[in-house]
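Listed here are the chains, written in short residue letters.
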Amino acid sequence: MGRKVTVATCALNQWALDFEGNLQRILKSIEIAKSRGARYRLGPELEICGYGCWDHYYESDTLLHSLQVLAALLESPLTQDIICDVGMPVMHRNVRYNCRVIFLNRRILLIRPKMALANEANYRELRWFTPWSRSRQTEEHFLPRMLQDLTKQETVPFGDAVLATWDTCIGSEVCEELWTPHSPHVDMGLDGVEIITNASGSHHVLRKAHARVDLVTMATTKNGGIYLLANQKGCDGDRLYYDGCAMIAMNGSIFAQGSQFSLDDVEVLTATLDLEDVRSYRAEISSRNLAASRVNPYPRVKVDFALSHHEDLLQSITEPVDWKYHTPEEEISLGPACWLWDYLRRSQQAGFFLPLSGGVDSAATACLVHSMCHQVCEAVARGNQEVLADIRAIVDESSYTPQRPQELCGRILTTCYMASENSSQETCSRARELAQQIGSYHISLNIDPAVKAIVGIFSLVTGKIPLFTAHGGGSRENLALQNVQARIRMVLAYLFAQLSLWSRGARGGLLVLGSANVDESLLGYLTKYDCSSADINPIGGISKTDLRAFVQFCMEHFQLPALQGILSAPATAELEPLADGQVSQTDEDDMGMTYSELSVYGRLRKIAKAGPYSMFCKLLTMWKDICTPRQVADKVKQFFWKYSVNRHKMTTLTPAYHAENYSPDDNRFDLRPFLYNTRWPWQFRCIESQVLQLEKKARQDLNG
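Criteria and thresholds
Residues numbered from 1 in each chain as written. Predicted model: local features only at pLDDT ≥ 70, side-chain atom pairs only at ≥ 80, totals over all residues. Heavy atoms only, no water. Helix = DSSP H or I, 4+ residues; strand = E, 2+ residues; numbered from the N terminus. Rg over C-alpha atoms; globule rule 2.2 N^0.38 Å. Contact = heavy atoms within 4.5 Å. Areas by Shrake-Rupley, 256 points an atom, 1.4 Å probe, with all protein chains shown as cover. Lys, Arg positive; Asp, Glu negative; His and termini not counted. Charge placed at Lys NZ, Arg CZ, Asp CG, Glu CD. Salt bridge = Lys/Arg side-chain N within 4 Å of Asp/Glu carboxyl O. Buried < 20%, exposed > 50% of the residue type's maximum accessible area, 1.4 Å probe, protein only. UniProt positions renumbered as here; feature names shortened; annotations may be inferred. Pairing = 2+ DSSP bridges. Phe/Tyr/Trp six-rings, centres within 6.5 Å; stacked < 30°, edge-to-face > 60°. Axes fitted to C-alpha atoms, helices over the stretch in contact; angles between N-to-C directions. Parallel < 35°, antiparallel > 145°, perpendicular 65-115°, else oblique. Left-handed = near helix turned anticlockwise from the far one by under 90°. Nonpolar A, V, L, I, M, F, W, Y, C, P; charged D, E, K, R; others polar. Disulfide = S-S within 2.5 Å. Core = buried A, V, L, I, M, F, W, Y, C linked by side-chain atoms within 4.5 Å. Patch = residues over 30% accessible without salt bridge, like charges linked within 9 Å, V, L, I, M, F, W, Y side chains within 5 Å. Polar contact = N/O pair within 3.5 Å; in protein donor to acceptor, adjacent residues only side chain to side chain. Right-handed = clockwise from strand over helix to strand, strands pointing away.

**Details of the overall build of the protein**
Next, step 1: A count of helical and extended segments in the protein gives 23 helices and 20 strands.
Next, step 2: In terms of overall dimensions, the protein is globule-like: its C-alpha atoms have a radius of gyration of 29 Å, near the 27 Å expected for 704 residues.
Next, step 3: Taken along its principal axes, the extent of the C-alpha atoms in the protein is 90 × 80 × 45 Å.
Next, step 4: Sequence-distant contacts, at least 24 apart, represent 74% of the contacts inside the protein between residues at least 6 apart.
Next, step 5: Surface summary for the protein: the accessible area is close to 29100 Å², and the carbon and sulfur share equals 54%.
Next, step 6: Of the side chains in the protein, 71 bear a positive and 80 a negative charge, and the two mean positions are spaced by 5 Å.

See the structure below:
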């Protein structure tokens, strides 16, 4: 009697609305799963159309093309003799559901709609889908004629049910359902379901991987059973990077770990596990068995098929493994680099253009492109033909094979130091040294003639000559003159991105990279339409603190000694006149707060959902040893004033890699007004009232 089952899960780099590419990747994953002996294959959430279709889910075309792909899968010889579990939108009785479609040998076994929809942060599933709310109930779903002709079925079960094969029982939950307080796997496990599957569309956030692993291992620790998790990977057309981490677990242990970041479009995990291990594990948990005796049963769809073989005594089983986590610095080095790769190859551009200032932020962005080049070279060395074909298309050379990251960097990254009369020799040297060490094609130019021409037009029209504060001008003149320099750099960046390769006799254009970090964006410490305005920004969701740690990591990991000088120099925009040839302007002085303070404000504002008064109350205790209540109040007021004055800048923020849950991205993630009453009269009055009470109490205690 067979009891050992081989199951497969996968991480696929699907692309929204790329039905042809998505179909090929699904078929390849099924082919790999079958070649390894698997008889059940699980794929990511909404893998047929790609997770990030957003408002395209409203279109009947998306439903139609998903059905056409499903028909192609049903018809393919590759899907014979393996249970295939695929994700797609399905219209049932004029209601749109996010579904798993499970089929075997040209027959649909079950359509299982998602019951708990993700609707927070970057997720908007309730906008497009309706959750299935009828627990443990199914209905008949009438198949469209294109499928009836293939499956010879008029109707199939639709709803909350499980599959009963000859040798085991399989139940599905979808992404968010694992994260809910009472997940379906709890009652499924109590009802005798031995294999739980979870198809996810889960994106990367720094330091999040452990939460996913903990949820899966805890689910199987308490209830026993086998748990398969599939996930999307890569950039499917948005700010998010789906970070794989497919896994197979049993009885609280991990038996297969998928990569979190990689350039492989298709990754398949398989494990051979003994069902008797599940049964014996459950048998000795008396509290579980007592609950199981009272559970309401699930409808079972009978499947004339076995996941095991009759003669499996000599079949070896998979051994458990320890999950290996990346450090945050490694996550930054890999995640945004993979996102850049997907964006570059799918946008069909010829490379990147990066204004390199000699500071930490633009250096970090350069390091990410360098890291991407490392990953491309490693993938090609491992024999990844898709990556090789993509890089040949990017450099427009059919016989090209990258040998070294520096050599590849020279072909696809152009860096540019844009000097002005306010630039120091030190930042120019640091930018040039870093460019030499990573191998980028480097340009140095001076923007002063353009700045003088623009200011000259203003003076010609108005008869006024604006001056920097250092030369006797006022604050308005000072800021305007800084902004002219910053915006000229943006204009030049786009000009060189479009024509730099043309001037060198090469084809194509370059994507302009931005390098404003999440903290500067939060405060609005950037010029609207300056070099923060770009095509994409790989560091726009990463804090200054994390970026500095990442640059330190790159200095050691990639042997880039030029980064030492960049790390030790004070952060500066270099937009005001130098004092005796030295930088007179620093970022933290300009902002009136430190980067570490900004990170605290950002987390409290977004993650802790604190307005001015709540933030003041929380910081009173957090900073009680370093600040008086009056100082805390002044800091909070200053932050909220600057934040609200500059919030309008978030509406034009360059699309950035999402890595932090306190990102101020106005377009998709952090939905707020951009015209505030920046005086915050009511809120600040509440803070002031508390400060006065605390100061009065402090005086009384002192007198007492």
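After that view, the rundown keeps rolling.
**Concerning the pattern of salt bridges**
Next, step 1: By the definition in use, this model includes 39 salt bridges.
Next, step 2: Of the charged contacts, one joins Asp-265 and Arg-345 as a salt bridge, the two residues approaching to 2.9 Å between their closest N and O atoms. On the criterion of sequence distance, the pair formed by Asp-265 in the loop between strand S14 (253–257) and strand S15 (266–274) and Arg-345 in helix H9 (residues 328–347) is long-range, its members being 80 residues apart.
Next, step 3: In this structure Arg-345 comes out as buried when scored by relative accessible area, which is 14%.
Next, step 4: Salt-bridge contacts for Glu-276 lead to Arg-279; the nearest nitrogen and oxygen are separated by 2.8 Å.

**Comments concerning the UniProt feature "domain: CN hydrolase" (unreviewed entry) in the protein**
Next, step 1: As annotated by UniProt and renumbered to match this structure, "domain: CN hydrolase" (unreviewed entry) occupies residues 5–275.
Next, step 2: Across residues 5–275, the secondary structure splits into 25% helix and 34% strand, with the terminal C-alpha atoms separated by 7 Å.

**Thoughts on the pairing of strand S3 (residues 83–92)**
Next, step 1: In terms of residue burial, S3 counts as a mostly covered element, since nine of its 10 residues are buried.
Next, step 2: Pairing of S3 with strand S4 (residues 95–104) involves nine bridges; the strand directions are antiparallel. Bridge assignment links Asp-85 to a residue of S4, and that residue is Ile-102.
Next, step 3: Linkage of S3 to S4, two consecutive antiparallel strands, is achieved through a turn of two residues, within which Arg-93 is found at a positive phi near 55°.

**Quick notes on the packing of aromatic side chains**
Next, step 1: By the definition in use, this model includes 23 aromatic pairs.
Next, step 2: Here Trp-323 and Tyr-325 contribute two aromatic rings whose centre-to-centre distance is 6.3 Å and whose plane-to-plane angle is 45°, an arrangement assigned as tilted.
Next, step 3: What makes Trp-323 buried here is its relative accessible area of 12%.
Next, step 4: Taken together, Tyr-51, Trp-54, Tyr-57, Tyr-123, Trp-128, Phe-129 and Tyr-242 form an aromatic cluster joined through their ring pairs.

**Points about the packing of helix H1 (residues 19–35) against helix H2 (residues 60–75)**
Next, step 1: Interhelical geometry of H1 versus H2 gives an angle of 30° and a closest axis separation of 11 Å. Classed by the angle they form, the pair H1 and H2 counts as roughly parallel. In the packing of H1 onto H2, the handedness of the crossing is right-handed. Each of Phe-19, Leu-23, Ile-26, Leu-27 and Ile-30 in H1 lies in contact with H2, whose residues at this interface are Thr-62, His-65, Ser-66, Val-69, Ala-72 and Leu-73.
Next, step 2: Counted by class, the contact of H1 with H2 contains eight nonpolar, three polar and no charged residues.

**Overview of the state of the cysteines**
Next, step 1: Taken as a whole and judged by the stated rule, the model has zero disulfides.
Next, step 2: Between Cys-10, a free cysteine, and Cys-84, which holds the nearest cysteine sulfur, the sulfur-to-sulfur gap is 10 Å.
Next, step 3: Cys-338 provides the cysteine sulfur closest to Cys-235, a residue in no disulfide bond, and the two sulfurs are 11 Å apart.

**What to know about the environment of Arg-345**
Next, step 1: For Arg-345 and Gly-50, which are 295 residues apart along the polypeptide, the C-alpha to C-alpha distance reads 17 Å.
Next, step 2: When sequence neighbours within four positions are dropped, the list of residues in contact with Arg-345 reads Asn-13, Asp-265, Asp-390 and Ile-394.

**Things to note about the environment of Ala-656**
Next, step 1: Looking at where Ala-656 falls in the secondary structure, it is placed in the loop between helix H22 (629–646) and helix H23 (681–703).
Next, step 2: Between the C-alpha atoms of Ala-656 and Val-369, which are 287 residues apart in sequence, the distance is 15 Å.
Next, step 3: If near-sequence neighbours (up to four positions away) are discounted, Ala-656 is found in contact with Arg-239, Trp-339, Asn-537, Gly-540 and Gly-541.

**Focus: the nonpolar core**
Next, step 1: Counting residues in hydrophobic clusters, the biggest one holds 65 residues, and the most contacted among them are Leu-340, Phe-352, Met-372, Leu-434, Phe-550 and Leu-563.
Next, step 2: Among the elements that make up this core, the one with the highest residue count is helix H10 (residues 360–381) (13 residues).
Next, step 3: Dropping the residues within four chain positions of it, Leu-434 is found in contact with Leu-356, Ala-363, Ala-366, Ala-562, Leu-563 and Ile-566.
Next, step 4: Membership of the second largest hydrophobic core comes to 50 residues, among which are Val-69, Val-86, Cys-99 and Phe-103.

**Remarks on a nonpolar patch on the surface**
Next, step 1: Side chains of Ile-454, Ile-457, Leu-460 and Val-461 sit close together on the surface and give an oily, nonpolar patch of about 460 Å² of accessible area.
Next, step 2: Take Ile-457: it is sitting in helix H14 (residues 448–462).

**Quick notes on unusual backbone geometry**
Next, step 1: Despite not being glycine, Arg-93 shows a phi value in the positive range, around 55°.
Next, step 2: For Arg-93, the location among the structural elements is in the loop between S3 and S4.
Next, step 3: With a phi angle near 70°, Arg-207 is a residue other than glycine that sits in the positive phi range.
Next, step 4: Here Arg-207 lies in the loop between strand S10 (195–200) and helix H6 (209–223).
Next, step 5: A residue is classified by how much of its surface remains accessible, and Arg-207, at 39% relative accessible area, is partly exposed.

**Looking at the side chain of Glu-139**
Next, step 1: Here Glu-139 is to be found in strand S6 (residues 138–142).
Next, step 2: A distance of 2.7 Å separates the side chain of Glu-139 from the side chain of His-92, its partner in a polar contact.
Next, step 3: Contacts of Glu-139, omitting those with residues within four sequence positions, involve His-92, Arg-93, Trp-132, Arg-134, Val-156, Pro-157 and Phe-158.

**Side note on the sheet that holds strand S19 (residues 441–446)**
Next, step 1: Taken together, the four strands give an open sheet; going across it, the order is S19-S18-S17-S20, and neighbouring strands pair in parallel fashion. Strands with a single pairing partner mark the edges of an open sheet, and in this sheet they are S19 and strand S20 (511–512).
Next, step 2: Judged from the six bridges that link them, strand S18 (residues 413–419) and S19 form a sheet pairing that is parallel. When the bridges of S19 are listed, Cys-416 appears paired with Ile-443.
Next, step 3: Packed on one face of the sheet, helix H15 (residues 475–503) meets strand S17 (352–355), S18, S19 and S20 and runs near 145° to S18.

**Some thoughts on the pairing of strand S11 (residues 226–234)**
Next, step 1: With nine of nine residues buried, S11 lies mostly within the body of the structure.
Next, step 2: Bridging between S10 and S11 involves six bridges; their strand directions are parallel. Of the residues in S11, the one forming a bridge with Ser-200 is Asn-231.
Next, step 3: Viewed along the sheet, the connection from S10 through H6 into S11 turns out right-handed.
Next, step 4: The pairing of S11 with strand S12 (residues 242–243) spans two bridges and is classified as antiparallel. Following the sheet pairing, Lys-233 is matched in S12 by Asp-243.

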